[in-house]
Amino acid sequence: MKTVVCVKQVAALGDEVEIDDSGRDVDHDYLESSLNEWDVFALEEALRLKESLDGQDGHEVVVVTVGDEECEQALRRCLAMGADRAIRVEAGGIDESDPLTTARRLAGIIGREVPDLVLCGVQSSDAVQAATGVMLAELAGLPRVAVVTSVHYDATSAKAQVHRELEGGLLDEVEVGMPALLTIQTGINEPRYANLRAIKQANAKEIEVVNVPSEGPRAYTVRKMFVPEKGDGAEMLGSDAAVVAARIAEIVRARLS
Amino acid sequence: MSGTLVLAEHLGGKVRDVTLELVTAAQGLPRPVTVAVIAASPEALLDSVDLVGVDEIVAVRAGESDDFENDVYQQALDTLLDGSEPEVILAGFTVNSMGYAPAVAARRELGFASDVFSVEVESPGTIVATRAFYGSKVHGELTFAAGAPVLLLLRPTVWAPATPGGSAARRHLSLETTPSRARHRGYREPPPSEVDITTSDFLLSIGRGIGERDNIERFVELAEKMGATLAVSRPIVDAGWMPSARQVGQSGKTVKPKVYLAFGISGAVQHLAGMKGAGTIIAVNSDPDAAIFSVADFGAVLDLFDVADELDKLY
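Counting of residues starts from 1 at the beginning of each chain's written sequence and follows it residue by residue. Each chain is given a letter, starting from A, and each ligand a number, starting from 1, according to the order in which they appear as written. Under the rules for a predicted model, residues below a pLDDT of 70 receive no local features and side-chain atom pairs below 80 are neither given nor counted, while totals for whole chains, interfaces and linings still include all residues. Hydrogens are left out, water is left out, and the side-chain values use all remaining heavy atoms of the structure.

Looking now at the overall build of chain B. To qualify as a helix, a DSSP run of H or I must reach at least 4 residues; to qualify as a strand, a run of E must reach at least 2; elements of each kind are numbered from the N terminus. In terms of helices and strands, chain B carries 7 helices and 18 strands. Note on method: radius of gyration uses C-alpha positions; expected globular size equals 2.2 Å times residues raised to 0.38. Whereas a compact globule of 315 residues would reach a radius of gyration of roughly 20 Å, chain B reaches 22 Å, a difference of no more than 12%. Counting every position in chain B, which comprises 315 residues, the buried fraction comes to 58%. Restricting the contact set of chain B to residue pairs at least 6 apart, pairs at least 24 apart contribute 63%. Just so you have it, chain B exposes about 11,900 Å², and 48% of that area is on carbon and sulfur atoms. Distance between charge centres in chain B, computed from 26 positive and 41 negative side chains, equals 3 Å. Remark: exposure states derive from per-residue accessible area (1.4 Å probe, protein chains only) relative to the maximum for the residue type, with buried under 20%, exposed over 50%, and partly exposed in between. Whether two residues are in contact is decided by their heavy atoms, any of which lying within 4.5 Å being enough. Method for areas: the Shrake-Rupley scheme with a 1.4 Å probe, in which residue coverage is limited to the protein chains shown. Positive charges come from Lys and Arg, negative ones from Asp and Glu, while His and the chain ends are left out of the count. By convention, charge coordinates are those of NZ in Lys, CZ in Arg, CG in Asp, or CD in Glu.

Okay, structure coming up:
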């Protein structure tokens, strides 16, 4: 069984932010990068599935990302966690960062690898589109289930029983045959930590770099990015914890009476 | 291309609130406004979507049951778009929409954006949508290629619900759909819980900022002392530290207490959707840019444990 896990190196803003000269993105100097949290859970799920099927031949977990060279950090973390192989697809600039363009590039890899299962995180923390995985499924011709909180795979029937998380804690029980694509929700498992030796080994591994063209219209174009006005915002209660606590107690009493 | 198509969402025989919000959002968009209800037996749901501002309702009879299956919705939407292409298509940014809307957009090469909280027609034919990037710290204005419909998934709870009492024309459509490759097999109710956070007047809510499992207990005690019910944000449930019955947010519960006191909650969009209706929101967070301050009435940029220590002394 081969599983492909699609991952993203996400960017977070620290305390400060500047919009760059184009006016269409933030200045990248202010960004801190990491492996997307949802993708960590997706990779863990793939690794557990592989381990549960251990003893059968040819199980492989392949991680793929679309991004520049810096995004190889995310792939190295995946390798350290236990992924067998890593592929980086070259990305375009800001005009090619929409989910449809990314999905087209990933689809090129799915077409080549022909996996039994594709896992993606539900969404990325920096863009929160919840779209790339399901777009990829469509382009790759795979059935899909979005926002999955548990996976039970039956190797004999090559079917998975999954739970889809609806609002309010209600679960939708869904059955899907392989090959399929699932988008994985946080909390589905407890991701492992990579040990130091695994991190060292991961750093020495080869990452395959490929170009996949993306032809066709984009989902959108970012015309302008801006820091939103704070609005009226919250009334700040001060910087002394004792004073703040007293004010909180006072407000709580007044509002509950 | 003309008009705005609203895709209704329903669960267990009821139209979901987000559908009413979509109709309100559609009021600034091209007319006519058409609401599509996709189900095996959509008729029973039609009255609930006959809202002020709806010009037409299309009952799309599709699938084997009223329960959501993503391929059935995709086929139904495809058929609607084959018939006539609207300029704008609106659906909620919800778990169901996430399962089929991006697929339709990818296949038909539509303009697409999700978690949109503002949309307008800038000039005839030019749709501009606004959404957040980088943890809600910046907003982006999006434009879309001309010549194709724009499919937008709108953030729930941003628009006010449209009011009942419309007088829309009704149309019926029957589809032969192939069965969904991903099949609905049933529902699983959340385990019963002795606590109902939706009925409490005072919620003390904790998030990722509390750091470790061992810190839960002191907030359980503080909540008890203060007369509050303890609630949590998603990361606390994901970590297995608290049951999902206490979770506030889009995948948890929507709450409207008189007072919502948040410790160490940054304010992810999905969390804010679940609590911004609270009477008074007080937020303590060490990050001055935490999104929760944008909805809070009162705030303090402080170490949450310092404030908790001081509150302990007062109660």
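Picking up after the structure, the text goes on.
Side chains of Asp15(A), Glu16(A), Glu18(A) and Glu32(A) sit close together on the surface and give a patch of like negative charge. Inspection of the secondary structure assignment puts Asp15(A) in the loop between β2 (9-13) and β3 (31-35). Without a salt bridge and with relative accessible area above 30%, a residue can belong to a patch; like charges are then joined within 9 Å and nonpolar side chains (Val, Leu, Ile, Met, Phe, Trp, Tyr) within 5 Å. Within this document, salt bridges are pairs made up of a side-chain nitrogen of Lys or Arg and a carboxyl oxygen of Asp or Glu, the two lying within 4 Å of each other.

Right, let's get into the nonpolar core. Looking at soluble globular proteins, one finds that nonpolar side chains tend to be buried together. Definition used in this section: a nonpolar core is a set of buried Ala, Val, Leu, Ile, Met, Phe, Trp, Tyr and Cys residues joined via side-chain atoms within 4.5 Å. Core analysis: the largest hydrophobic core is formed by 109 residues, its most contacted members being Leu136(A), Val60(B), Leu90(B), Phe112(B), Tyr134(B), Phe144(B) and Leu152(B). With 8 residues, helix α3 (residues 95-108) of chain B is the largest single contributor of residues to this core. What Tyr134(B) contacts, discounting residues up to four positions off in sequence, is Ala11(A), Leu13(A), Asp25(A), Val26(A), His28(A), Leu31(A), Asp126(A) and Met225(A). With 39 residues, the next largest nonpolar core counts Val5(A), Leu43(A), Leu75(A) and Ala160(A) among its residues.

Residue and element names in this part refer to chain B. By convention, a stacked pair of Phe, Tyr or Trp rings (six-membered ring in the case of Trp) has centres within 6.5 Å and planes under 30 degrees apart, an edge-to-face pair has planes over 60 apart, and any other such pair is tilted. For the structure on display, the rule yields 5 aromatic pairs over all chains. Ring centres of Phe-219 and Phe-263 lie 5.5 Å apart, and the angle between their planes is 50°; this geometry places the pair in the tilted category. Here Phe-219 is found in helix α4 (residues 216-226), whereas its partner Phe-263 is found in strand β16 (residues 259-263), with 44 residues between them in sequence. Cluster of aromatic residues (ring-pair linked, three or more members): Phe-68, Tyr-73 and Tyr-100. Any Lys NZ or Arg CZ found within 6 Å of a ring centre and within 35 degrees of that ring's normal is scored as a charge over the ring. The ring of Phe-133 has Arg-131 sitting right over it, with the charged end atom 5.0 Å from the ring centre. It is Arg-218 that lies over the ring of Phe-219; its NZ or CZ is 5.6 Å from the centre.

With that settled, consider the interface of chain A and chain B. Residue-level contacts link 85 residues of chain A with 83 residues of chain B. Each of two parts loses accessible area, computed with a 1.4 Å probe, when they are put together; buried area is these two losses added. Here chain A and chain B share an interface that buries about 7,100 Å² over both sides, 55% of which is from carbon and sulfur atoms. One can count 9 salt bridges joining chain A with chain B. Residues Arg208(B) and Glu37(A) are paired through a salt bridge, measuring 3.2 Å at the closest nitrogen-oxygen approach. Throughout this description, a polar contact denotes any pair of N or O atoms lying within 3.5 Å of each other; where both atoms belong to protein, one of them has to be capable of donating a hydrogen while the other can accept it, and for residues adjacent in sequence the pair is counted only when both atoms sit in side chains. Across the chain A-chain B interface, the total number found is 33 residue pairs in polar contact (both at pLDDT 80 or more). Per-element tally for the side of chain A that touches chain B: the top contributor is helix α6 (residues 241-256) of chain A, with 13 residues. Pairing between two strands requires that DSSP report at least two bridges joining them. Where strand β12 (residues 221-226) of chain A lies against strand β10 (residues 138-143) of chain B, 5 bridges are found, and the strand directions are antiparallel. Residue pairing for β10(B): Lys224(A) is matched across the bridge by Glu141(B).

Spatially, 4 strands are ordered β12(A)-β10(B)-β9(B)-β8(B) in an open sheet, and the strand pairing comes out antiparallel. Taken across any chain shown, the strands that pair with only one partner, and hence form the sheet edges, are β12 of chain A together with β8 (118-123) of chain B. Within the sheet, the average angular offset between the axes of one strand and its neighbour, ignoring direction, is 30°. Sheet topology note: the strand β9 (residues 126-133) of chain B/β10(B) ladder contains 5 bridges and is antiparallel. Across the sheet, residue Phe133(B) finds its bridge partner in β10(B), namely Val138(B). Between N-to-C directions, angles cover 0 to 180 degrees, with each direction set by a line fitted to C-alpha atoms, over the stretch in contact for helices.

This paragraph deals with α3(B). Residue and element names in this part refer to chain B. The end-to-end C-alpha distance of α3 is 21 Å, a good match for the 20 Å that 14 residues give at a rise of 1.5 Å each. Of all the 14 residues making up α3, 12 are buried; the element is thus mostly covered by neighbouring parts of the structure. Among the residues making up α3, those that are buried are Val-95, Asn-96, Ser-97, Met-98, Gly-99, Tyr-100, Ala-101, Pro-102, Ala-103, Val-104, Ala-105 and Ala-106. Where α3 terminates, the next one or two residues include Glu-109, which has phi positive at roughly 55°. Helix span, expected: 1.5 Å multiplied by one less than the number of residues in the helix.

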